[in-house]
Amino acid sequence: MVGYAFMGAAHSQAWRTVNRVFDLPLRARLTAVCGRDESNVRAAASRLGWERAVTDWRELVASDDIDVIDICTPGDSHCEIAIAALAAGKHVICEKPLANTVEEARSMVAAAEAARAGGVRSMCGYNYRRVPAVSYLRQLVAGGRLGTIRHVRAVYLQDWIVDPEFPLVWRLQKDKAGSGALGDIGAHIVDLTQYVTGQAVTGVSALTETFIKERPLPSASSGLSASGGAETGTVTVDDAALFIARLSGGAVATYEASRFATGRKNGLRVELNGSKGSAVFDLERLNELEFYDGTGPGAEQGFTRILVTEPDHPYVAAWWPPGHGLGYEHSFTHQMRDFVEAVATGKDPEPSFADAFQVQRVLDAVERSSASGSGWTDV
């Protein structure tokens, strides 16, 4: 694994757990973790359960005892690491968004396709696909329970940078992060809605905004917590992104991603309205799904709360008795479960780099539309 902060900790938890919960044909061994600071990465290896620590990711790529490279770094290094790992015959799982630019993402897709011919697998880590309620929502849509999807509404709201004194961490720098709220959390709702509807975003009209344009330079940083000094630097990414969209199956959609929604901590919400019914998923109530069946008698109609904890719901049978809810970290365990099973059986895991490239193209269209005065922009 390359990187050991927020996502590194989440991925480590999943790697430690996956074989203890699921009966898989291969067993994951936490061989090595990489980070730039030797003392910090050694401490992380001990804390997170990795056998050894290194300071150069190229050492992992060249190691004969490593089969998988798990990329948990900022987006500016995804492309180089992934292409090198695939060329070396390593299976790759890469955190989202796939890259910082369409050009980088395209080259990663090409590398993945070339490696696939030799049996090397790759996947992008959109973990919210693996929340049982989201997977079940996809089943409802695919099974025709909502009929023809007409409306998609998606928001992802956070507030962790509302304070103007919060420092200029890497997520606020375009050269490292690629974009701001758009790529960090907007990418999630683009992927999630395309996944559950089976439709691709084909065009957008967008606007983006940066509310705080100067911030203190960081004096210390860890994950989403940081402190700043007296000097300041320029914020080069968006704080919020909003756009309307058309989807390939005829649905119309609205998207909003903001890290300035005061009081919202991890507020991802998706609503689908179809010709036969509707459904709502809220990440802050991730064990639940609201479902409206419009085909029944009018006197009996209303939104039903489905507790997605039954053994026949996706992934749930491996865990606890019905009603005993799962959490954020379980989505990563499910992600690793699917990845390991795909590698073991010679199948292509999802979302593929090509799937993630589609999301990257949507993000690019949003930025181009915003830059052109919100004009309609094809993906």
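Everything that follows concerns the structure shown earlier in this document.
Rules of the game
- Residues numbered from 1 in each chain as written.
- Predicted model: local features only at pLDDT ≥ 70, side-chain atom pairs only at ≥ 80, totals over all residues.
- Heavy atoms only, no water.
- Helix = DSSP H or I, 4+ residues; strand = E, 2+ residues; numbered from the N terminus.
- Rg over C-alpha atoms; globule rule 2.2 N^0.38 Å.
- Buried < 20%, exposed > 50% of the residue type's maximum accessible area, 1.4 Å probe, protein only.
- Contact = heavy atoms within 4.5 Å.
- Areas by Shrake-Rupley, 256 points an atom, 1.4 Å probe, with all protein chains shown as cover.
- Lys, Arg positive; Asp, Glu negative; His and termini not counted.
- Charge placed at Lys NZ, Arg CZ, Asp CG, Glu CD.
- Phe/Tyr/Trp six-rings, centres within 6.5 Å; stacked < 30°, edge-to-face > 60°.
- Lys NZ or Arg CZ within 6 Å of the ring centre and 35° of its normal.
- Pairing = 2+ DSSP bridges.
- Axes fitted to C-alpha atoms, helices over the stretch in contact; angles between N-to-C directions.
- Salt bridge = Lys/Arg side-chain N within 4 Å of Asp/Glu carboxyl O.
- Parallel < 35°, antiparallel > 145°, perpendicular 65-115°, else oblique.
- Nonpolar A, V, L, I, M, F, W, Y, C, P; charged D, E, K, R; others polar.

K.L.:
Looking at this structure, I do not really get the overall build of the protein chain. What am I missing?
P.N.:
Within the protein chain, the secondary structure is distributed over 10 helices and 16 strands. Scaling as 2.2 N^0.38, a compact globule of 379 residues should have a C-alpha radius of gyration of about 21 Å, and the protein chain matches this with 21 Å. Dimensions along the principal axes, computed over C-alpha positions, put the protein chain at roughly 65 × 50 × 40 Å. Going through the 379 residues of the protein chain one by one, you find that 54% of them count as buried. Here the analysis covers contacts within the protein chain between residues at least 6 apart in sequence; of these, 68% occur between residues at least 24 apart. Counting every atom, the protein chain has about 16,100 Å² of accessible surface; 49% of that belongs to carbon and sulfur. Distance between charge centroids for the protein chain: 3 Å, based on 37 positive and 46 negative side chains.

K.L.:
Help me out: how do you make sense of the packing of aromatic side chains in this one?
P.N.:
Inspection of the entire model under this criterion finds 10 aromatic pairs. Note on Tyr-292 and Phe-303: the rings are 5.3 Å apart at their centroids and 50° apart in plane angle, and the pair reads as tilted. One end of the pair, Tyr-292, is in strand 14 (residues 288–293); the other, Phe-303, is in the loop between strand 14 and strand 15 (304–307), and 11 residues separate them in sequence. In this structure, Arg-361 is placed above the aromatic ring of Phe-357, and the distance from its NZ or CZ to the ring centre is 6.0 Å.

K.L.:
What's the story with the sheet that holds strand 5 (residues 122–125) in this structure? I'm lost.
P.N.:
One key point about sheets: their strands pair by backbone hydrogen bonds, in either a parallel or an antiparallel sense. Pairing is parallel across the open sheet formed by 3 strands, whose spatial order is 3-4-5. The sheet is open, and its two edges are formed by strand 3 (68–71) and strand 5, each paired on a single side. Across this sheet, the average inter-strand angle for adjacent strands is 10°, counted without regard to direction. Pairing analysis gives 4 bridges linking strand 4 (residues 91–95) to strand 5, with the strands arranged parallel. In the strand pairing of strand 5, Glu-95 is matched with Gly-125.

K.L.:
I would appreciate a short explanation of the pattern of salt bridges in the present structure.
P.N.:
It is possible for side chains of opposite charge to pair when their charged atoms get near one another. In this structure the tally under the stated criterion is 24 salt bridges. Among the salt bridges present, the one from Asp-184 reaches Arg-171, with a minimum N-O distance of 3.1 Å. Here the residue Asp-184 occupies a position in helix 8 (residues 181–197), and Arg-171 occupies one in the loop between strand 6 (149–157) and helix 7 (174–177), the gap between them amounting to 13 residues. Like Arg-171, Asp-184 is buried.

K.L.:
Is there a simple way to explain the packing of helix 6 (residues 132–142) against helix 8 in this structure?
P.N.:
Helix 8 packs onto helix 6 with a crossing angle of 40° between their chain directions and a minimal axis gap of 7 Å. The angle between the axes of helix 6 and helix 8 places the two elements in the oblique class. Here Val-134, Ser-135, Leu-137, Arg-138 and Val-141 of helix 6 come into contact with helix 8, specifically with Leu-192, Tyr-195, Val-196 and Thr-197. Of the residues assigned to the contact of helix 6 with helix 8, the class counts are 6 nonpolar, 2 polar and 1 charged.

K.L.:
I would appreciate a short explanation of the sheet that holds strand 16 (residues 377–378) in the present structure.
P.N.:
Here we have 9 strands laid out as an open sheet, ordered 15-14-13-12-6-11-10-7-16, and mixed in their pairing. Among the strands making up the open sheet, the edge pair consists of strand 15 and strand 16. Two strands pair when backbone bridges link them, and strand 10 (residues 240–247) and strand 11 (residues 252–258) are joined in this way by 7 bridges, in the antiparallel orientation. The residue of strand 11 that forms the bridge with Ala-245 is Ala-253.

K.L.:
Before we go on, may I ask you to explain unusual backbone geometry in this structure?
P.N.:
Backbone phi values are negative for most residues with the exception of glycine, while trans is the configuration of most peptide bonds. Here the residue pair Lys-96 and Pro-97 is connected by a cis peptide bond, since its omega of -20° sits within 30 degrees of zero. Within the secondary structure, Pro-97 sits in the loop between strand 4 and helix 5 (102–116). In this model, Glu-350 is joined to Pro-351 through a cis peptide bond whose omega is 0°. If you trace the backbone, Pro-351 turns up in the loop between helix 9 (328–345) and helix 10 (353–371). Of note, the phi angle at Tyr-315 is positive, near 75°, even though the residue is not glycine. Secondary-structure assignment places Tyr-315 in the loop between strand 15 and helix 9.

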